[in-house]
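A closer look at the structure
Okay, here's what each chain looks like letter by letter:
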Amino acid sequence: TIHDFRGFPEPLYNIDYPASGDAAIGTEVLAALAAAGFLAHPVERGLDHGAWIPLRLMYPAADIPVVPLALQHDQGPAYHHALGKALAGLPASGILIVASGNLTHNLRDYQTAHRDKTSPAYVAHFAEWIAERLAARDLDALLDYRAQAPDAARAHPSEEHLLPLFVALGAAGNEWHAERLHSGIDDHVLAMDSFALWPSSSGEQQ
């Protein structure tokens, strides 16, 4: 359990999430990426907070195998959407693809808002724009969110907390459906919306 954050209450650093890995699933993921032309390498590494925080809520007993996939910080939405498309066949074999992040993530605004107890207007506006584009299945706008979404650069000074969304979109296939499961803002600036994505033609969630 990797505690890759600073300045938070001590109990957070005492949390352990002892989920196992799975070499067979890792091999399947590597094969799917290689078939799509992606160069990927297996590594042995613990689970960072982007993995264990949502999984601890979903599977508190840590009784599922977990295979994390690293983001590429020098690549943008289109690359990560293609990455997700390479993984689109995995849910059929029982592999759940979980993409975790935040719909907004500006820690400088977090400090100010935490002090002033106010939520900047862009937080809700940006989250609603994403939800509306997902409902409309407007992939072109989503991939171009940096130019089209309101206050995109302020909502995400760097993109790592939104890029997982594009992996999930790619994995859901060309005719995807999105269902908003949760909408909410934590600590005034962190939009924590959750969505389920699956192929529309399948008739069921994946």
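Residues numbered from 1 in each chain as written. Predicted model: local features only at pLDDT ≥ 70, side-chain atom pairs only at ≥ 80, totals over all residues. Heavy atoms only, no water.

1. Here we look at unusual backbone geometry
Here Ala62, not a glycine, exhibits a phi torsion of approximately 55°, which is positive. As for its position among the elements, Ala62 is in the loop between α3 (49-58) and α4 (77-86). Here Ala62 falls in the buried class, since its relative accessible area comes to 11%. With a phi close to 50°, Asp187 is a non-glycine residue in the positive phi region. On the secondary structure map, Asp187 appears in the loop between β2 (185-186) and β3 (190-191). Relative accessible area serves as the criterion here: at 36%, Asp187 is assigned to the partly exposed category. (Helix = DSSP H or I, 4+ residues; strand = E, 2+ residues; numbered from the N terminus. Buried < 20%, exposed > 50% of the residue type's maximum accessible area, 1.4 Å probe, protein only.)

2. Section: a nonpolar patch on the surface
Together, Leu57, Met58, Leu96 and Val98 make up an exposed nonpolar region whose accessible area comes to about 390 Å². Mapped onto the elements, Leu57 comes out in helix α3. On the accessibility criterion, Leu57 (70% relative accessible area) is exposed. (Patch = residues over 30% accessible without salt bridge, like charges linked within 9 Å, V, L, I, M, F, W, Y side chains within 5 Å. Areas by Shrake-Rupley, 256 points an atom, 1.4 Å probe, with all protein chains shown as cover. Salt bridge = Lys/Arg side-chain N within 4 Å of Asp/Glu carboxyl O.)

3. Here's the deal with the packing of aromatic side chains
The relative placement of two aromatic rings is captured by the distance of their centres and the angle of their planes. Across all of its chains, the model carries six aromatic pairs by this definition. Relative to Phe8, the ring of Phe5 lies with its centre 5.7 Å away and its plane at 85°, an arrangement referred to as edge-to-face. Between Phe126 and Tyr145, the aromatic rings sit 6.1 Å apart at their centres with planes inclined by 75°, giving edge-to-face as the arrangement. Here Tyr145 lies in helix α8 (residues 145-148) and Phe126 lies in helix α6 (residues 121-135), a separation of 19 residues in the sequence. Across the pair, Tyr145 and Phe126 agree in class, each one buried. These aromatic residues form a ring-pair network of at least three members: Phe5, Phe8, Tyr13 and Trp52. (Phe/Tyr/Trp six-rings, centres within 6.5 Å; stacked < 30°, edge-to-face > 60°.)

4. Here we look at α6
Taking 1.5 Å of rise per residue, 15 residues should cover 21 Å, and α6 covers 22 Å from first to last C-alpha, within 8% of that figure. Phi turns positive, to about 55°, at Arg137, one or two residues after α6. (Expected span 1.5 Å × (residues − 1).)

5. So, helix α10 (residues 163-171)
Within α10, nine of the nine residues are buried, which leaves it mostly tucked inside the rest of the structure. Among all positions in α10, only Leu163, Pro164, Leu165, Phe166, Val167, Ala168, Leu169, Gly170 and Ala171 are buried. At the exit of α10 stands Gly173, carrying a positive phi of roughly 90°.

6. Section: the pattern of salt bridges
Tallied over the entire structure, the rule returns seven salt bridges. Among the ionic pairs, Asp138 bridges to Arg133, the shortest N-O distance being 2.8 Å. One salt bridge in this structure joins Asp193 and Arg180, with 2.5 Å as the shortest N-O distance. You can see Asp193 sitting in the loop between β3 and β4 (194-199) and its partner Arg180 sitting in strand β1 (residues 176-182), a full 13 residues away along the chain. The exposure class assigned to Asp193 is buried, which follows from its relative accessible area of 12%. Assessed through its relative accessible area of 32%, Arg180 is described here as partly exposed. When salt bridges that share partners are traced, they join Glu128, Arg180 and Asp193 into one network.

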